[in-house]
Amino acid sequence: MRQKLVPWGAYRQPRTLQTSSILLLLSSGRELEIGMRPFDCTMLRQGGGGTKVIETMESSTILNISDCSLFSQYKHGGPIVAVQVENEYGPYNKDPAYMPYVKKALEDRGIVELLLTSHNKDGLSKGIVDGVLATINLQSQNELQFLTTFLLSVQGVQPRMVMECWTGWFDSWGGPHSILDSAEVLKTVSAIINAGSSINLYTFHGGTNFGFINGAVHFQDYKSDVTSYDYDAVLTEAGDYTAKYTGLRESFGSVSGAPLPAPPDLLPKTVYEPVMPALYLSLWDALPYLEEPVTSEKPVNMENLPINGGNGQSLGYTLYETTITSSGILSAYVRDRGQVFVNTVSIGFLDYKREKVVIPSIQGFTMLRILVENRGRVNYGTNIDDQRKGLIGNIYLNDSPLKKFKIYSLDMKKSFFQRFHADKWNPVPDVPVFLAFFSGLLLVSLSPCDTFVKLEGWEKGVVFINGQNLGRYWNIGPQETLYLPGAWLDQGLNQVIVFEEKMAGPVIQFTETPCLGRHLPELSSPQASWQGNSRPFCPRLQSRPSPAQPEKRVGGEGGPLPEELPGSVAAAVCLRCSHGRDGGSGWDCPPWG
């Protein structure tokens, strides 16, 4: 069985519902558990909800549940055997009537299959809904007894299920790479099964936060998730086997009663020749080719920009321009990170901890520019309410509000780059002016293979392959390489564009081996991992076996399994009892990457 989560922001485009990828799953012949809800967590920005969830919060209107008649239920001959009502809403619990409403909305729309809720220990007591089977989320066997005892006390003798048995953890920029020892996972899985519970592995297949779709956490500090959602999962981000996979396969195989089929071969990896950028375009020179900026007396946050048919801007960067005539102290409430420029010269940053920048001496009318990056919306906890991005409210120079802004939406979609015709680019100068785009060509002579992009010498930015947003990089780590699926490449020439904020390296490199960063060996509790967003466990990756024995390969990255969905999509899909979910992957790329 597989679990399919339906994040609102990925499918709920302005006034439409995209269903192609769901119908693809329905035609796969596998049983499904569908999770229909605006809030999905899964480390997706805004919990998968997007800007429409923010607008809904502002208007205090309950979101409509999509028309579930689109999906085939088991009792009607289809593959759907259960539907989950929201996901980990309990810790938030701002509206006690919300969960019962979602349940009723599903039933009113014809859902007749088993309804479930899913919570960790922090939200379980507040997430119970009458007539809905409660399931639990956990990482260690130490939590199992407490949670199952609590379930017995509130819902009596019912089927028990661990909806999310966490097989690893996610990473944040500037933190360690999270590793959960495979032996710990095997012990926990065995304890769950021995206790008579059903189990679902979160995640079975690691994924990728392609583009700008990564989430964030904000407890004591704001921390955004890295591009990789490898998660130290049972299968890696690129679909390779791990020690966890081998151990679980042996464990389940010992009780299956029949020999297991041979695992599929892994897709090959390759090292492409480095790409030396040949063309260059500074952001400042590119502005005349973009869509007309929004003009406003005051700053407007990203979500409230009057663009995209009134839907605002969801992702990417927003550039604010105004004119100043004096130096002094600039202060603003910026979300999440604003680089401040006087004309084209960078003078500092504004973010959660830095709310003031000194403007140096200037002469006459001078252009003040602030490039604000939406680094990812919070996907869990009470701060999910406070996810407006850009400049929030007025910006002040010497305590006086600045006026008359031009605001550029830099969402960096394919249409964004289509405006940069060949004659707009220039040869790379000896001393580039940043912010800037760098373009080069990658030659793929044979059939394209998976690879990993390495930006040694570059500082911070975004990589685009043939117009598709591969994701962010940042030299503060922990992630050092970006997974590039072979499906994104064409045989022949491929355009590689790098948007760099600060410092460009000489070349764009490619490697067959990922580097997701260093880890710390100490254990931490699951609650600490939410709050500190680090799960520094012992390493799982082992040395690479010979390519002649792919079925025994452990560790390194590889291609997705042929029986899995196309590309490297971590499509929030779970295999139950050989189960897992790929939470937090390339929803905007399109949904199947």
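My aim in this report is to walk through the structure given alongside it, one point at a time. For clarity, every value in this text was computed on a predicted model and none was experimentally measured.

1. Structural notes on the packing of helix 6 (residues 182-194) against helix 7 (residues 243-253)
- Put simply, helix 6 and helix 7 touch, their axes get as near as 9 Å, and they point 30° apart. Here helix 7 runs roughly parallel to helix 6, going by the angle between their axes. Between helix 6 and helix 7 the crossing geometry is right-handed. Between helix 6, through Ser 182, Val 185, Leu 186, Val 189 and Ile 193, and helix 7, the contact on the second element is made entirely by Ala 243, Lys 244, Gly 247, Leu 248 and Phe 252.
- The residue inventory of the contact of helix 6 with helix 7, partitioned by class, reads seven nonpolar, two polar and one charged.

2. A word on the sheet that holds strand 19 (residues 356-359)
- Spatially, 19-15-23-24 is the arrangement adopted by the four strands of the open sheet, whose pairing is antiparallel. Strand pairing shows two members of the sheet lacking a second neighbour, strand 19 and strand 24 (400-401), which therefore form its edges.
- Pairing of strand 23 (residues 396-397) with strand 24 involves two bridges; the strand directions are antiparallel. Residue pairing across strands places Leu 397 opposite Ser 400, the latter belonging to strand 24.

3. Quick look at the nonpolar core
- By size, the foremost hydrophobic cluster in this structure holds 26 residues, and its most contacted members are Leu 371, Leu 410, Met 412, Phe 420 and Phe 437.
- Secondary-structure elements contributing two or more residues to this core are helix 8 (283-286), strand 14 (317-324), strand 25 (405-410), helix 9 (414-417), strand 29 (460-465) and strand 32 (492-500).
- Top contributing element to this core by residue count: helix 8, with three residues.
- For Leu 371, the residues in contact, after removing those within four places along its chain, are Leu 283, Tyr 317, Thr 318, Leu 319, Arg 337, Gly 338, Gln 339, Phe 341, Leu 410, Leu 435 and Phe 499.
- One finds Cys 449, Leu 455, Leu 470 and Val 496 within the second-largest nonpolar core, a separate group that totals 25 residues.

4. Observations concerning the pairing of strand 30 (residues 468-474)
- Of all seven residues in strand 30, seven are buried; the element is thus mostly enclosed.
- Inspection of the sheet shows strand 29 paired to strand 30 by six bridges, in the antiparallel sense. Note that in strand 30 the partner of Ile 465 across the bridge is Gln 468.

5. Some details on a nonpolar patch on the surface
- A cluster of nonpolar side chains, namely Leu 441, Leu 443 and Leu 493, defines an oily patch on the protein surface of about 320 Å² accessible area.
- Mapped onto the elements, Leu 443 comes out in strand 27 (residues 436-444).
- Its relative accessible area of 52% is what places Leu 443 among the exposed residues.

6. Things to note about the pattern of salt bridges
- Evaluation of the coordinates by the stated rule reveals 19 salt bridges.
- Across the salt bridge formed by Glu 291 and Arg 419, the nearest N and O atoms sit 3.6 Å from each other. One end of the pair, Glu 291, is in the loop between helix 8 and strand 13 (294-296); the other, Arg 419, is in the loop between helix 9 and strand 26 (426-427), and 128 residues separate them in sequence.
- The residue Glu 501 makes a salt bridge to Arg 337 at a minimum N-O spacing of 3.2 Å.

7. Some details on the sheet that holds strand 12 (residues 279-282)
- The sheet built from six strands is open, its strands ordered 26-12-27-32-29-30 with antiparallel pairing. One side of each edge strand has no neighbouring strand; the edge strands of this open sheet are strand 26 and strand 30.
- Where strand 12 lies against strand 27, four bridges are found, and the strand directions are antiparallel. What sits directly across from Leu 281, in strand 27, is Phe 437.

8. Some points on unusual backbone geometry
- The omega torsion of the bond from Arg 335 to Asp 336 falls at 15°, within 30 degrees of zero and hence cis.
- Following the sequence through the fold, Asp 336 ends up in the loop between strand 16 (334-335) and strand 17 (337-342).
- The omega torsion across Phe 434 and Leu 435 is 15°, close enough to zero to call that bond cis.
- With respect to the helices and strands, Leu 435 occurs in the loop between strand 26 and strand 27.
- Of note, the phi angle at Asn 93 is positive, near 50°, even though the residue is not glycine.
- Summarising the element assignment, Asn 93 is placed in the loop between strand 3 (80-85) and helix 4 (98-108).
- Although it is not a glycine, Asn 308 sits at a positive phi angle of roughly 55°.
- Within the fold, Asn 308 resides in the loop between strand 13 and strand 14.
- By relative accessible area, which is 42% here, Asn 308 ends up partly exposed.

9. Remarks on the environment of Asp 232
- Positionally, Asp 232 belongs in the loop between strand 11 (228-229) and helix 7.
- On the basis of relative accessibility, which here comes to 0%, the residue Asp 232 falls in the buried class.
- In this structure the C-alpha to C-alpha distance between Asp 232 and Asp 171, which are 61 residues apart in sequence, comes to 9.8 Å.

10. Observations concerning the side chain of Arg 335
- Along the chain, the position of Arg 335 falls in strand 16.
- This buried residue, Arg 335, is left without a salt bridge; Glu 355 holds the nearest opposite charge, at 5.1 Å.
- Side-chain polar atoms of Arg 335 contact the side chain of Tyr 333, separated by 3.2 Å.
- Here Arg 335 is in contact with Asp 351, Tyr 352, Val 372, Glu 373, Arg 388, Lys 389, Gly 390 and Ile 392, once residues within four sequence places are set aside.

Parameters and conventions
- Residues numbered from 1 in each chain as written.
- Predicted model: local features only at pLDDT ≥ 70, side-chain atom pairs only at ≥ 80, totals over all residues.
- Heavy atoms only, no water.
- Axes fitted to C-alpha atoms, helices over the stretch in contact; angles between N-to-C directions.
- Helix = DSSP H or I, 4+ residues; strand = E, 2+ residues; numbered from the N terminus.
- Parallel < 35°, antiparallel > 145°, perpendicular 65-115°, else oblique.
- Left-handed = near helix turned anticlockwise from the far one by under 90°.
- Contact = heavy atoms within 4.5 Å.
- Nonpolar A, V, L, I, M, F, W, Y, C, P; charged D, E, K, R; others polar.
- Pairing = 2+ DSSP bridges.
- Core = buried A, V, L, I, M, F, W, Y, C linked by side-chain atoms within 4.5 Å.
- Buried < 20%, exposed > 50% of the residue type's maximum accessible area, 1.4 Å probe, protein only.
- Patch = residues over 30% accessible without salt bridge, like charges linked within 9 Å, V, L, I, M, F, W, Y side chains within 5 Å.
- Areas by Shrake-Rupley, 256 points an atom, 1.4 Å probe, with all protein chains shown as cover.
- Salt bridge = Lys/Arg side-chain N within 4 Å of Asp/Glu carboxyl O.
- Lys, Arg positive; Asp, Glu negative; His and termini not counted.
- Polar contact = N/O pair within 3.5 Å; in protein donor to acceptor, adjacent residues only side chain to side chain.

These figures come from the coordinates and say nothing about function on their own.
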